[in-house]
Amino acid sequence: MSADLNKKMVSLGTQRSVIRELFEYGKMKAAEIGAENVFDFSIGNPSVPAPPCVNETAVKILLETDPVILHGYTSAAGDADVRAALASSVNRRFHTDYTADHFYMTVGAAAALCCCFHGLCNDGDHVIIFAPYFPEYTVFVEGAGAKPIIIPADTKAFQIDFEALEQMLTPDVKAVVVNSPNNPSGVVYSEDTVKKLSAMLDEKSKEYHHPIYLIADEPYREIVFSGTTVPFLPDYYKNTLVCYSWSKSLSLPGERMGYVLIPPAVEDSREVYAAIAGAGRSLGYVNAPSLFQRVCAACADETSDVTVYETNKKILVNALREMGYHVVEPDGTFYMFPRSLEPDDAAFAERAKKYHLLIVPGCGFGCPEHVRISYCVPTATIEKSLGAFEALAREYR
């Protein structure tokens, strides 16, 4: 007798992402030849510690808060004082006037995105995603019963191909996802790009007589280089929902803490908030972890020391270009997305393993002929890896 299971879920549960497969391969190789001999650029796990305020705040809260309250349920949407503190932080930084009632606490940015897709979309709605993109977007969108529509990448600058967008921006489109600073390219959308996108969405929303929501996925907002400014999208387009996480800015990926911001300017904002909350209820995401709600709220204006990422970026970009790799320079994050040295990026990434270089094929990000390098590693690892990148490049000369 065989179980009549959901075959799609079985497939998702048995086939790890390429990133996770490489990460596990790297751990196996490290045990075999020593971690110092494996150049694992597979996964976006921050290599710098959380700022001191995180541990200090956690200890203070644990010592000073009634454990019955601390470890009990918060409101489904998140502790009211936490949400008020976040509103104050965002208001200080972006000159807004949000309140606690505009924030919905989530288990990381992934849950924030899933709440948005499930809350906004009906079966068959379209969600536009710009390549290159985080691979799980398509899983999240399809899980909500919607259809992901992929806009091909502008590989010259990794901004938006507006001609392709206009062709695919049909009445079926319910939402557009923007990830800036971008995983995997590291590029920040320019203000000109944001203004042009906002104008197009405004025009099409009026033409189709329904709002097209802009979902801003922003876990890398604070990780930017050389004075780069990340446009705050609600300032440009009223129907913007912001999905945020402290996984990268505070180096807390394992704590899974984030939020959805639903600004009051969003059309029917209270109903949209209710839809997000309803999606959280349906998915079982209510009540994000109580302790780290409080920790992240107290540390919301802090960031980890991300200067090491800029150092790593400069070393890698300069060295790879000298070796003959084509690299669009990242504006932020801790990723770069050079062209592979052969059309088959998966074959190129497989060949890199010969030199214990673990890089992720671009096809998984909707952008073949590229590879992602996650350089959130110690600078010594970057420097030691250059010989391996050179040996790999030599095979193609």
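I will try to describe carefully the structure that is included in this document. Please read these numbers as outputs of a predicted model, since none were measured by experiment. Residue numbering note: each chain is counted from 1, following its sequence as written. Only residues with pLDDT of 70 or above have their local features reported here, since the model is predicted, and side-chain atom pairs are shown and tallied only from 80 upward, although totals for entire chains, interfaces and linings are computed over all residues. Think of the side-chain values as coming from all heavy atoms in the structure, minus any hydrogens and water.

In this section: the nonpolar core. The nonpolar core is taken to be a set of buried Ala, Val, Leu, Ile, Met, Phe, Trp, Tyr and Cys residues, with the residues joined through side-chain atoms within 4.5 Å. Using a 1.4 Å probe on the protein chains alone, a residue whose accessible area is under 20% of its type maximum counts as buried, one over 50% counts as exposed, and one in between counts as partly exposed. Membership of the largest hydrophobic core comes to 53 residues, with the highest contact counts inside it found for Phe-130 and Leu-165. In what follows, residue pairs with any heavy atoms lying within 4.5 Å of each other are defined as contacts. Apart from residues lying up to four places away in sequence, Phe-130 is in contact with Ile-151, Ile-160, Leu-165, Val-176, Val-177, Val-178, Tyr-189 and Leu-197. Counting residues in each nonpolar core, the second largest holds 34 residues, with Val-48, Phe-348, Ile-359 and Ile-373 among its members.

As a further point, take unusual backbone geometry. Look at the link from Ala-131 to Pro-132: it is a cis peptide, with omega at -5 degrees. The omega torsion across Ser-180 and Pro-181 is 0 degrees, close enough to zero to call that bond cis. Within the secondary structure, Pro-181 sits in the loop between strand S5 (173–179) and helix H9 (191–208). Even without being a glycine, Ser-226 presents a positive backbone phi close to 50 degrees. Helix numbering and strand numbering both begin at the N terminus, where a helix is a DSSP run of H or I of at least 4 residues and a strand a DSSP run of E of at least 2. Along the chain, Ser-226 turns up in the loop between strand S6 (213–217) and strand S7 (240–245). Take Ser-226: its relative accessible area is 62%, and that puts it in the exposed class. Despite not being glycine, Glu-369 has its phi angle at roughly 70 degrees, a positive value. The residue Glu-369 is located in the loop between strand S11 (360–361) and strand S12 (371–374) in this model. Note on Glu-369: relative accessible area 43%, which makes it partly exposed.

As a further point, take the sheet that holds S12. Pairing between the strands of a sheet comes from backbone hydrogen bonds, and it takes one of two forms, parallel or antiparallel. The three strands are arranged S9-S12-S11 in an open sheet whose pairing can be described as antiparallel. Both outer strands of the open sheet, strand S9 (335–336) and S11, are each paired with one neighbouring strand and no more. Here two bridges tie S9 to S12, and the two strands are oriented antiparallel to one another. From the neighbouring strand, Tyr-335 faces S12, where its bridge partner is Ser-374. Should DSSP find at least two bridges between two strands, the strands are taken to pair.

This brings us to the side chain of Thr-57. Structurally, the position occupied by Thr-57 is in helix H3 (residues 52–64). Within the structure, the side chain of Thr-57 is placed 2.5 Å from the backbone oxygen of Cys-53, a separation counted as a polar contact. Every residue in contact with Thr-57, bar those within four places of it in the chain, is listed here: Val-295, Ala-298 and Cys-299. Under this definition, polar contacts are N or O atom pairs within 3.5 Å; protein pairs additionally need one hydrogen-donor-capable and one acceptor-capable atom, and for neighbouring residues in sequence, both atoms have to be side-chain atoms.

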